[in-house]
Amino acid sequence: MKFGYIAPTKHLHQIPQSATFHLILAHLLVDPEYVAFYNKCYDKGHFILLDNSAFEFGYPIEAEELIRMIDESGIKVHCVVAPDYPGQLSQKTIDSAISFANKLQELGRSWQIMVVPQSEKGNHVEWLDC
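Rules used throughout
Residues numbered from 1 in each chain as written. Predicted model: local features only at pLDDT ≥ 70, side-chain atom pairs only at ≥ 80, totals over all residues. Heavy atoms only, no water. Salt bridge = Lys/Arg side-chain N within 4 Å of Asp/Glu carboxyl O. Helix = DSSP H or I, 4+ residues; strand = E, 2+ residues; numbered from the N terminus. Buried < 20%, exposed > 50% of the residue type's maximum accessible area, 1.4 Å probe, protein only. Pairing = 2+ DSSP bridges. Right-handed = clockwise from strand over helix to strand, strands pointing away. Axes fitted to C-alpha atoms, helices over the stretch in contact; angles between N-to-C directions. Parallel < 35°, antiparallel > 145°, perpendicular 65-115°, else oblique. Left-handed = near helix turned anticlockwise from the far one by under 90°. Contact = heavy atoms within 4.5 Å. Nonpolar A, V, L, I, M, F, W, Y, C, P; charged D, E, K, R; others polar.

**A short note on the pattern of salt bridges**
Should their charged atoms come close, side chains of opposite charge can pair. Counting across every chain of the model gives 5 salt bridges. Of the charged contacts in the structure, one is a salt bridge between K76 and D43, with a shortest N-O distance of 2.7 Å. One end of the pair, K76, is in the loop between helix 3 (63-73) and strand 3 (79-81); the other, D43, is in helix 1 (residues 32-43), and 33 residues separate them in sequence. For D43, a relative accessible area of 54% gives the class exposed. Note that E72 and R68 form a salt bridge whose closest N and O atoms lie 2.4 Å from each other.

**Topic: the pairing of strand 1 (residues 21-25)**
Across the 5 residues that make up strand 1, a large majority, 4, are buried. In this structure, strand 1 lies alongside strand 2 (residues 47-51), joined through 5 bridges in parallel fashion. When the bridges of strand 2 are listed, L23 appears paired with L49. Tracing the backbone out of strand 1, into helix 1 and back to the parallel element strand 2 gives a crossover that is right-handed.

**A closer look at the packing of helix 3 against helix 4 (residues 90-106)**
The geometry of helix 3 relative to helix 4 is characterised by a closest axis approach of 10 Å and an angle of 45° between their N-to-C directions. The angle between helix 3 and helix 4 places the two elements in the oblique class. Considering how the two elements wind past one another, helix 3 and helix 4 form a crossing that is right-handed. Contact residues: A63, E64, L66 and I67 in helix 3; F100, K103 and L104 in helix 4. Here the residues of the contact of helix 3 with helix 4 are counted per class, giving 5 nonpolar, no polar and 2 charged.

As structure tokens, then:
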């Protein structure tokens, strides 16, 4: 099991030096200090997983905007969480993940993709299908 600390910029100094797996948030990519911290981690060989901030906002940063934010910030990542839709039909997340993968392939991006299963609240069968 790996633990990814999620910290705002002012608390990055509290992430243990032993941490080599990082879960970072897309909406914080506008902060150059945040990006610089995680780029240094990447350069040290740490694994960087970029989340789409759906949990924080209740909806994801959409694919095109997410890719733009990555490009403009200069963040280095290994894996990106595809846009997912908490509390909505699982098919919306499935379709979004497929579309995101296709978009990355068209752009020649080699990032790994993580898909977070979603469904309408309480629909465990749909969540498992996702």
